[in-house]
Amino acid sequence: MTRNWILKLENIEKDFVFHLQQGTRIVVFDGFSHLFFPGRASILTGPSGSGKSTLLRMIYGTYRTGGGHIWVRHRNRPKDIAAAAPAMIYTLRQDTIGYVSQFLRVVPRVSALDTVIEPLLARNMDLEKARKKGRALLERLNIPSTMWHLSATTFSGGEQQRINLARGFIAPFPILLLDEPTASLDLKNRRIVIELIKEALADNTCVIGVFHDPKDHRDFADHTINLAHMLNQEVMQSCPGKN
Amino acid sequence: MTRMPENSSQPLLAVTHLSKFFGRQLGCHDIGFTVSPGEVIGVVGESGSGKSTLLNCIAGRIKPSNGSVFFNSSAGMIDLCRSSEALVRKIIRTQTGYVTQNAAQGLKMHISAGGNIGEKLMAGGMRHYGQIRKMALAWLERVEIDPDRIDDMPATFSGGMQQRLQIAANLVNSPKIMLMDEPTSGLDVSVQARLIDVLRKLVSGLNLSMVLVTHDLAVARLLCHRLYVMKQGEMVESGLSDQILDDPRQPYTQLLVSSVLKP
C-alpha cells in the first residue's frame, strides 16, 4: 500500500518570521509526515491558524518549505516540491496538482468562460472543444449563459467562487487541493460541488480539502487529519458514514 | 496569471554577476538570473532600486561595469559584454524588443503609426510596400489599435495607444524576449487593464519571454511567472510570483508586499 502513495510529506517544517513585527516567529509545522493516496479524500481540520491552508499552499509550492520533503508522484516519478526548480513547479501545477483557492483572483477583461477553460488550453486542448466543456460546467454550476462572456469583476462573491470552482474542476488532476470550496455557496450549489468532488474521487483523484462545514464532506471523506495537535504528531481518524 | 511557459533546458537569457557603477554611485550589484523561453520575469522594487539600470544593461543600452549578459543564439550562449559592437547590435535588434515607460521616447513621433511599424519591418529586411502595409495593419489590430489610424501621427494617440504602438513596433521582427520598463505606469487603470490583457495574449500566443520592470505588484502578479525583488541596487529575494507575494521572507519584501493598498 505504501508503494501506491501519490503524495508523501516527509518531516516537513514551516515557520513564518514577521520582520515587521519585531521578528515574531510562528512555527506551523515541525517535522510532519503523511502519505496520501489516489482516489482518497483527506480532510484537514483544526482551529484557525493550525496550518490547514498553509499545508495546502506548501503542497502547491506557494509557501516555501523550511525543511523536509514534499514528494509528488509525477508521471510515476517522485518529485520534491520543496526543492523543485521553477520549471518543474510550472509543470506540476499544469498537469499534476490542482488547487482551488477560497477566492477567485479576477482578471479584468477576461471572460468567465475563458477564465474557466484556461487549464484545458494550457494542456493544448482545441479551443472550441475546451469552450464546449466550459459551457457545460458553467451551466451545471448555475451560471446563466448571459454571463459567460462577461469578466467576473462584476459577479457576486458566490458567482465568482463558482467560476473559481469550474476552473478548478474542468481539467482532471491526480491531486486536487480544495481550500473551503463550498464557502459562500448556497445549498443547491454546495451539492453540485460535492458531486464534482465525488466524480473526481471516482476518477482516482487524491483530494485534500479544508471545509468549513463537516456536513459537506461526510459523504466522501476517507479520513480527517486534525492539525490542532500539530508539532510532531498527527491525529488521524477514519470517517464513519462514508459510502 | 499567464499560462505556464514550456519546459526548456537552455535559458534564453542568463545574467551573471552583473554590476553597474556610475562613478561611485551604485546602480546595481552582483545580479544573476535566467529567463527561459515563454517565461515572464518581473523585476520589482521601489524607485532607485536599480531595476531600470539592470534592464538597460541587458538591453545593451548601458555598458555594465562587471559581469555577463548571455543570450542564447544559434551559435550558442554569447556574452554581450564581451562581444563586438556590431554583434551586440545585431543580437539586440533581432532577439529583443525594448519598451520604455514613456512611449513618446520609444517611438518616432515625426512619422506615422504605420511608419513606426514599417520602419522596423524594413530594418528586418522586408522590401515590398504592400506587404509591409498589410503586416502593419495586422499588428495594429493585434494590439487593439483601430487600423484606420495607421497613417496618423503618434502624437495624436492617447498614452495607452502610444504604448501599444510601441509594443507592436517592437514585436514585428519576432524577438524572443521583450524588455519592458514600467509599461503600465502612468496609465489610467482601465487603460492598464487593456494593456495587460494585450500583453497576456501576446505572451501566450507567441511564447514570448519578457523581463518586466515594475513597481506595481498587482501587475507583477498578473503577468509574471517569477519575480526578483530589488532594493538599493541589490537583489534581495527571488521566487515564483505567488511565493514572493504570498510568502515573502526577506524584511524588505515583506515591507513591499504589506505596503500595497487593496481597493
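All chains use their own residue numbering, which begins from 1 and follows the written sequence. Chains and ligands are labelled by the order in which they are written, letters from A for the one and numbers from 1 for the other. It should be noted that, the model being predicted, local features are given only for residues of pLDDT at least 70 and side-chain atom pairs only at 80 or more, the latter also being counted only at that level, while totals for whole chains, interfaces and linings use all residues.

Student: I tried to follow the packing of helix H4 (residues 113-123) of chain B against helix H6 (residues 159-171) of chain B on my own but got confused; where do I start?
Tutor: To characterise two packed helices, one gives the angle between the axes of the helices and the distance between these axes. All names here are of chain B. It is at 8 Å that the axes of H4 and H6 come closest, and there the two elements cross at 20°. The orientation of H4 relative to H6 falls into the category roughly parallel. Between H4 and H6 the crossing geometry is right-handed. The segment H4 lies against H6, with Ala113, Asn116, Ile117 and Lys120 engaging Leu165, Ala168 and Ala169. Split into classes, the residues belonging to the contact of H4 with H6 amount to five nonpolar, one polar and one charged. Convention adopted: a line fitted to C-alpha atoms gives each axis, helices being fitted over their contacting stretch, and angles between N-to-C directions are expressed from 0 to 180 degrees. Secondary structure counts use DSSP, requiring at least four H or I residues in a row for a helix and at least two E residues in a row for a strand, with both numbered from the N terminus. Any angle between 65 and 115 degrees counts as roughly perpendicular, while under 35 counts as roughly parallel, over 145 as roughly antiparallel, and the rest as oblique. We call a crossing left-handed when the near helix sits turned anticlockwise from the far one by less than a right angle, and right-handed when that turn is clockwise. Here contacts are defined at the residue level, using C-beta atoms placed from the backbone and a cut-off of 7 Å between them. Under the grouping applied here, Gly and all other residues not named as nonpolar or charged are polar, the nonpolar ones being Ala, Val, Leu, Ile, Met, Phe, Trp, Tyr, Cys and Pro and the charged ones Asp, Glu, Lys and Arg.

Student: Explain the nonpolar core to me, please; I cannot follow it from the model alone.
Tutor: Proteins that are soluble and globular tend to have nonpolar side chains buried together. Residues Ile41, Val43, Ala168, Met210, Val211, Leu212 and Leu223 of chain B are the most contacted members of the largest nonpolar core, which totals 70 residues. Leaving out residues up to four positions away in the same chain, Val211 of chain B has contacts with Val35, Ile41, Val43, Leu55, Ile58, Ile177 and Leu179 of chain B. Listed in part, the 62 residues of the second largest apolar core include Leu56, Met58, Leu185 and Ala200 of chain A. In this usage, the nonpolar core is the set of buried Ala, Val, Leu, Ile, Met, Phe, Trp, Tyr and Cys residues whose C-beta atoms join them within 7 Å. Around each residue's C-beta, the other C-beta atoms within 10 Å are counted; 20 or more make the residue buried, 12 or fewer make it exposed, and counts in between make it partly exposed. All C-beta atoms are placed from the backbone.

Student: Help me understand the interface of chain B and chain A, please; the structure alone is not making it clear to me.
Tutor: Interfaces are often sized by the amount of accessible area the parts lose when they come together. Of the residues lining the interface, 20 residues belong to chain B; the matching set on chain A comes to 19 residues. Mapped onto the side of chain B that touches chain A, the elements with two or more residues apiece are helix H7 (189-206), helix H9 (241-246) and helix H10 (251-258) of chain B. It is H10 of chain B that provides the largest number of residues to the side of chain B that touches chain A, a total of four residues. For the side of chain B that touches chain A, the residue count by class is seven nonpolar, six polar and seven charged.

Student: What is the right way to look at the confidence of the model for chain A in this model?
Tutor: Keep in mind that low pLDDT regions are not for reading the predicted coordinates in detail. On average, residues of chain A score 91 in pLDDT, and 93% of them are at 70 or above. Counted against residues more than four places away or in other chains, residues 231-235 of chain A, with its pLDDT under 50, gives eight contacts. The score called pLDDT rates the predictor's confidence residue by residue, from a low of 0 to a high of 100.

Student: What exactly am I supposed to notice about the sheet that holds strand S3 (residues 40-44) of chain B here?
Tutor: What holds strands together in a sheet is hydrogen bonding between their backbones, with the strands either parallel or antiparallel. All names here are of chain B. Spatially, six strands are ordered S6-S7-S8-S3-S9-S10 in an open sheet, and the strand pairing comes out mixed. Each edge of the open sheet is held by one strand with a lone partner, namely strand S6 (96-99) and strand S10 (234-240). For this sheet, the mean inter-axis angle between neighbouring strands, taken without regard to orientation, is 15°. Of the strand pairs in this sheet, S3 and strand S8 (residues 209-214) are connected by five bridges, and their pairing is parallel. From the neighbouring strand, Gly42 faces S8, where its bridge partner is Leu212. A pair of strands is labelled paired if DSSP reports no fewer than 2 bridges between them.

Student: Sorry if this is basic, but what is going on with helix H5 (residues 129-142) of chain B here?
Tutor: Owing to its 3.6 residues per turn, the α-helix aligns residues three or four sequence positions apart on the same side. Residue and element names in this part refer to chain B. To estimate how far a helix should reach, multiply one less than its number of residues by 1.5 Å. For H5, spanning 14 residues, the distance from its first C-alpha to its last is 20 Å, which sits close to the expected 20 Å at 1.5 Å a residue. Taken together, the buried positions of H5 are occupied by Ile132, Ala136, Trp139 and Leu140. Buried residues along H5 cover an arc of 100° about the axis, so they all sit on one side. Away from the buried face of H5 by more than 90 degrees, exposed residues Gly130, Gln131, Lys134 and Glu141 are located. Residues of H5 that are buried sit in contact with H4 and H6. Taken from the residues just after H5, Glu144 is the one with a positive phi, measuring 60°. The reported arc concerns the directions from the helix axis to the C-beta atoms and nothing else.

Student: Can you help me understand the pairing of strand S7 (residues 177-181) of chain B in this one?
Tutor: Looking along a regular strand, one sees side chains alternate from face to face of the sheet. All names here are of chain B. By the criterion of burial, S7 is predominantly enclosed, with five of the five residues buried. Neither face of S7 is open: one carries Ile177, Leu179 and Asp181, the other Met178 and Met180, and all of them are buried. Examined bridge by bridge, S6 and S7 share four bridges and lie parallel to one another. Across the sheet, the residue bridging to Thr96 is Ile177, located in S7. If the strands point away from the viewer and the path from the first strand over the helix to the second runs clockwise, then the crossover is right-handed. In this fold, S7 hands off to H7, which returns the chain to S8; that crossover is right-handed.

Student: Please clarify how the pairing of strand S7 (residues 175-179) of chain A should be interpreted in this entry.
Tutor: Residues and elements named next belong to chain A. With respect to burial, S7 is a largely interior element, five of its five residues being buried. Burial of the side chains of S7 extends over both faces: Ile175, Leu177 and Asp179 are buried on one face and Leu176 and Leu178 on the other. Pairing of strand S6 (residues 97-100) with S7, which is carried by four bridges, proceeds in the parallel orientation. Among the inter-strand pairings, Tyr99 is bridged to a residue of S7, identified as Leu177. Relative to strand S8 (residues 206-210), S7 is paired through five bridges, and the arrangement is parallel. By the bridge assignment for S8, Leu177 is matched with Ile208. For the crossover from S7 across helix H6 (residues 187-202) to S8, the handedness is right-handed.

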